[in-house]
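# Remarks on the overall topology
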Amino acid sequence: MSFIKSLNEGKFITLAEIDPPKGVNHSSLSESLTLLKGRVDALLVTDMPSAVMKLGSLATAYLLKNDGFDVISNITCRDRNVLALQSDLLSASTLGIENIYITDGDDITFGDHPNAKPVMEVDAAQLLSITKALQGGSDLEANSLDGSPQFNVGAYLNIKGDGNIFDITVEEVEDQVQNDVSFLITPAIFDLTAFERVLQKVKHLNVPIIASVILLKSVATARFLNKHVDNVYVPDTIIERLYTAGDKQKESMTITAELINGMKNLCHGVNIMAMGWEDKIALYLDAAHI
């Protein structure tokens, strides 16, 4: 069953977020994902996360689709003008990529080419509108297409955080729904109570929401997220649990399992952000009984 069909039928779905390799050797990626076949509903393939130059999302998603996975290709606005963005969307459809996830992209100064020139001609909200037009049969300049792409479109649910205080702009989500998004994906969630309060504000929109969870490798990882990643907050209680644990990976797995099982009563699925631990995702799924 496809990821989107499972989502629309009300199943709590599981995504695994995958970073393409930095180079053309993708064999190790395919090997590390073997244990995920039949365990996740789809792989979300990132588009140069943290602005680090890597193999493209479309190419990687195509390879993984041929390996038997349902895939979601991330398309970011950071590096392309409207010609390239529209062309990539047409290419994605031609390659059989049915699911896309549209985001702005991380700031280019975070990456390994900090002096590169960002493009960002349009933002994610504008690209959602462009994608809707393409699916309707015309490009940004109202020129007719010879065959239009069809996608299940995902977007970023912009939960804004300041420490442990989170909020959301309902009008922004309403605009996303108007542009026919099929699902929304959140930033990493570590506070279920705060997450539930945010969800209540957009419950009336009836759009499937998938919550992201980062696999915490260490206390240092948690503190880095709090200091450097916008809209992500790891509570002190979780940091303390990791700090005092004798087996930190086991405690990390327990924390992740608690978050995932708590999310089952709040939203429509979970997106597991491995951050280089793709080979350990299956262990975390075991801990969460998925």
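See above for the structure.
So, here is what we can say about the structure in this document. (Residues numbered from 1 in each chain as written. Predicted model: local features only at pLDDT ≥ 70, side-chain atom pairs only at ≥ 80, totals over all residues. Heavy atoms only, no water.)

Time to look at the overall build of the chain. Helices and strands together make up the secondary structure of the chain, namely eleven helices and ten strands. For a compact globule of 290 residues, the expected C-alpha radius of gyration is about 19 Å, and the chain comes in at 18 Å, within 12% of that figure. With respect to the three principal axes, the spread of C-alpha positions in the chain is 60 × 45 × 45 Å. Counting over 290 residues, the chain shows a buried share of 50%. Nonlocal contacts in the chain, meaning residues at least 24 apart in sequence, comprise 77% of its contacts between residues at least 6 apart. Of the roughly 13,600 Å² of accessible surface on the chain, a fraction of 50% belongs to carbon and sulfur atoms. If you average the places of the 23 positive and of the 38 negative side-chain charges in the chain, the two averages end up 6 Å apart. (Helix = DSSP H or I, 4+ residues; strand = E, 2+ residues; numbered from the N terminus. Rg over C-alpha atoms; globule rule 2.2 N^0.38 Å. Buried < 20%, exposed > 50% of the residue type's maximum accessible area, 1.4 Å probe, protein only. Contact = heavy atoms within 4.5 Å. Areas by Shrake-Rupley, 256 points an atom, 1.4 Å probe, with all protein chains shown as cover. Lys, Arg positive; Asp, Glu negative; His and termini not counted. Charge placed at Lys NZ, Arg CZ, Asp CG, Glu CD.)

In this structure, Asn66 sits in helix α3 (residues 57-66). A relative accessible area of 52% means that Asn66 is categorised as exposed. Residues Asn66 and Gly96, 30 residues apart in the sequence, show an inter-C-alpha distance of 10.0 Å.

Take the pattern of salt bridges next. Counted under the stated rule, the structure contains eleven salt bridges. Its salt-bridge partner being Lys160, residue Glu172 comes within 3.8 Å of it at the nearest N-O pair. You can see Glu172 sitting in helix α6 (residues 170-178) and its partner Lys160 sitting in strand β6 (residues 160-162), a full twelve residues away along the chain. When its relative accessible area of 29% is taken as the criterion, Glu172 is described as partly exposed. (Salt bridge = Lys/Arg side-chain N within 4 Å of Asp/Glu carboxyl O.)

Bringing the packing of helix α4 (residues 82-94) against helix α5 (residues 124-135) into the picture now. α5 packs onto α4 with a crossing angle of 50 degrees between their chain directions and a minimal axis gap of 11 Å. Between α4 and α5, the crossing angle belongs to the class labelled oblique. Of the two elements, α4 crosses α5, and the hand of that crossing is right-handed. Residue-level inspection shows Val82, Leu85, Gln86 and Leu89 of α4 in contact with α5, the latter providing Leu127, Ile130, Thr131 and Leu134. Partitioned by chemical class, the residues of the contact of α4 with α5 number six nonpolar, two polar and no charged. (Axes fitted to C-alpha atoms, helices over the stretch in contact; angles between N-to-C directions. Parallel < 35°, antiparallel > 145°, perpendicular 65-115°, else oblique. Left-handed = near helix turned anticlockwise from the far one by under 90°. Nonpolar A, V, L, I, M, F, W, Y, C, P; charged D, E, K, R; others polar.)

Within α3 the residues assigned to the buried category are Ser57, Leu58, Thr60, Ala61 and Leu64. Mapping the buried residues of α3 onto a view down its axis gives an arc of 165 degrees, with all of them on the same face. Here the buried face of α3 lies against α2 (27-32), β2 (42-45), β3 (71-76) and α4. A positive phi of about 105 degrees marks Gly68, the residue just after α3. (Arc of directions from axis to C-beta.)

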